[in-house]
Structures are given as C-alpha cells and as structure tokens.
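Results of the structural survey
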Amino acid sequence: MPELPEVETIARQLAELVTGRTIAAFASDWQRLTEPEPVPLVAARLAGRRIDAVGRRGKLVVFALDGGDALCTSLRMTGRFAFKELGEAAPERFTRATFTFTDGTGLDFVDMRKLGRMILVDSAEIAPAGGGGDLTLKAPLHLAMGREPLERSFTVAWLGGFLRRRRRAAIKPLLLDQRGIAGIGNIYASEALWRSRIHPLRSAGSLKPDEIARLHEAIRWVLRKAIRLHGSTLRTYRDSNGRPGGMQHEFVVYDRAGEPCDRCGASIKRTVIGGRSTYHCPRCQHPPRARATP
Ligand SMILES: [Zn+2]
C-alpha cells in the first residue's frame, strides 16, 4: 500500500496534469467505490466542478474543487490514476471510474483489487493544521487523520507529548496509527526506527529525550528522501506516469532480512509485530529491558 512518499509523488504528478480542468462527467460501475454515497449522487456533485489543486492528506490523494469541496481517494493496494489525452482510445483493464473533462481529456481510476475508495468532503474537514494524536476518535479515517509529519506543526515537543500520552504502546504499531501521525506505513516506520536506533518493540513512554529527537529527525529524513526518489516500488505501485519509484534500492532494513546492517554489519532481523513484518538490526536497536515484576 502506498505510503506518504508514494501518494505525495502521485499527487504532484496529477496536479500538473489536471489542475484547472473542469469535470464534465464522472462515471463508475463499481458501486462500492463511493460508499456510503451512491455513485450517481457523487457524479451529480462533481459535474461542472473545476479542479483547483491536487494534494495529499496522510495517504489520501485530495482533489480540491472550486466551491470548497475535496474529493479524497484512498488508493489502498492497487489503485492508481491514468491520465488520458484528447481522443485517446479505450480505457485499460480494471478501470473502475472515469472523469471526463470539458476539454475532452480524461482521468481513469484503475484498481485491480477494487479496494480503493473515493469520498467527497468539505475541504475544511481534512485541513492538515494542528490536530493529531487523539487515538480515541471513532470518526471515519479522513476525519480522524493525525498530524502531518512534514508540516511545521510536527515538532519534537509535539511528538514527545504524543508519545507520553500513549506511553504503554509499542513504538512501531503506534507510528502506523493514522490517527496519531498521518501517512507513515510499514516501510517508513521500519526505516525511521533503524535510523534513530530504536527497537520497534520499545514502549513509547520509555524513549528518552535524545531518542525522541532522533526519531523526529529520522521520520522526516526518510520521508523526504523517499519523496525525492518518487517513492518505493515493491509490487504494484507505479507513479502517475506508469514508472516505478526508486526508494526500494535505498532501504537499509525493510525487506532485507539476513543482510548486513549498514551501520554495524550485524544481520538484519525480521519479526512480526502487530501482524506486520518488521525489520530491525538486533545490535544497534536495543530490545526493551524486561520490566521488573512489581
Ligand atoms: Zn546495526
């Protein structure tokens, strides 16, 4: 599933292709794409709207429309967009939705596994400023999205406060919870923890101030590097131009079980934490100390 850098890459490319175009029609024969709203209702709301910008919130691609609404798309496992020039022929296989623009160009949403979703919301509801960290929110994902790690409001102090509030949680699964910090998935959590020399099973509350500062730096460093390289391609991710990303060649731990650690040479270890494959260096990421029984 694409994480923040992959979605950022897709959004930037789409911005160049569709910003300023006006939607003439939206069609989909996959009813669950827009649930709980029926497709015809979403289509009626989209018709005649101009795309003012394309951006990202967490792992969602966000089309900002004139009038203040935003169409959020969750790509999930295999969703992607394919732009169609004027007069370009038949849609490719697994096309689940089509935007036709008033100038005759179009945009297809292609999704082999049909797990992608689209929802039309008020732009104000997904504003990235502030927020984040409230893991008790039961709202739909786009409304409960946490803090953006590349925004100014993601500070060491905020991260420290967030980790204190969730002190018993293991750090790795906590980084994956979109309600706390938005956009980080399994790959970049593993990479950031290696860079900051923090074992994935450490409890959030056990991190010392220098470790929190290192983790903060590492999260931003790995995300920015991955954006520069247009994301990672493991199986199906392609950018909007159909090209794979380049970050997968730069992984230091992810998917590298048994290979030597770049820092100390020890063998990278794969474990399963919270049902997800996790990779770390057993020498430079010290395991949590066993808690003394009271
Ligand atoms: Zn190491």
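Residues numbered from 1 in each chain as written. Predicted model: local features only at pLDDT ≥ 70, side-chain atom pairs only at ≥ 80, totals over all residues. Heavy atoms only, no water.

1. Examining the nonpolar core
Judged by nonpolar contacts, the single largest core of 41 residues is most densely connected at Leu159, Leu163 and Leu215. Counting residues per element, the ones that place at least two in this core are helix 3 (156–165), helix 4 (171–176), helix 5 (186–195) and helix 6 (209–228). Among the elements that line this core, the one with the most residues is helix 6, at eight residues. Excluding residues that lie within four positions of it along the chain, Leu163 makes contacts with Ile171, Leu174, Ala204, Gly205, Leu207, Ile212 and Leu215. (Core = buried A, V, L, I, M, F, W, Y, C linked by side-chain atoms within 4.5 Å. Buried < 20%, exposed > 50% of the residue type's maximum accessible area, 1.4 Å probe, protein only. Helix = DSSP H or I, 4+ residues; strand = E, 2+ residues; numbered from the N terminus. Contact = heavy atoms within 4.5 Å.)

2. Comments concerning the pairing of strand 7 (residues 106–111)
The element strand 7 is largely enclosed, with a buried count of six among its six residues. Neither face of strand 7 is left uncovered, since the one carrying Gly106, Asp108 and Val110 and the one carrying Leu107, Phe109 and Asp111 both have all their residues buried. Relative to strand 7, strand 5 (residues 79–84) runs antiparallel, the two sharing six bridges. Considered in strand 7, the bridge of Phe83 is made with Leu107. Where strand 6 (residues 95–101) meets strand 7, five bridges bridge the pair, whose relative direction is antiparallel. When the bridges of strand 7 are listed, Thr98 appears paired with Asp108. (Pairing = 2+ DSSP bridges.)

3. What to know about the coordination of the zinc ion
Protein coordination of the zinc ion is provided by Cys261 (SG), Cys264 (SG), Cys281 (SG) and Cys284 (SG), with donor distances spanning 2.2 to 2.3 Å. Metal-centred angles of 99 to 124° between the four donor atoms at the zinc ion mark the site as tetrahedral. Site description for the zinc ion: donor spacing in sequence, C-x2-C-x16-C-x2-C. You can see Cys264 sitting in the loop between helix 6 and strand 9 (269–273) and its partner Cys284 sitting in the segment after strand 10 (276–280), a full 20 residues away along the chain. (Donors = N, O, S within 2.8 Å, 3.2 Å for Na, K, Ca; no water. Tetrahedral: all angles 85-135°; square planar, octahedral: opposite > 155°, others 65-115°.)

4. Notes on the sheet that holds strand 1 (residues 23–28)
Reading across the sheet, the four strands line up as 1-6-7-5 and stay open at both edges, with antiparallel pairing between neighbours. Because the sheet does not close on itself, it has two edges, and the strands there are strand 1 and strand 5. With direction set aside, neighbouring strand axes in the sheet form an average angle of 15°. Across five bridges, strand 1 lies against strand 6 in antiparallel orientation. Paired with Ser28 across the bridge in strand 6 is Ala97. Each of strand 1 and strand 6 touches helix 2 (residues 39–46); the most contacted strand, strand 1, lies at about 170° to it. (Axes fitted to C-alpha atoms, helices over the stretch in contact; angles between N-to-C directions.)

5. Describing the pattern of salt bridges
One pass over the structure, following the stated rule, counts 21 salt bridges. The shortest N-O distance in the salt bridge between Glu148 and Arg56 comes to 2.9 Å. Here the residue Glu148 occupies a position in the loop between strand 8 (117–122) and helix 3, and Arg56 occupies one in strand 2 (residues 51–57), the gap between them amounting to 92 residues. The pair formed by Glu148 and Arg56 is uniform in burial state, with each residue classed as buried. For Asp108, the salt bridge is made with Lys84, and the minimal N-O distance between the two is 3.4 Å. Within this pair, whereas Asp108 is found in strand 7, its partner Lys84 is found in strand 5, the two being separated by 24 residues in sequence. Accessibility expressed as a relative area gives 16% for Lys84, which makes it buried. Linked by salt bridges that have partners in common, Glu8, Arg12, Arg56, Arg57 and Glu148 make up one network. (Salt bridge = Lys/Arg side-chain N within 4 Å of Asp/Glu carboxyl O.)

Everything listed is a geometric property; what it means functionally is a separate question.
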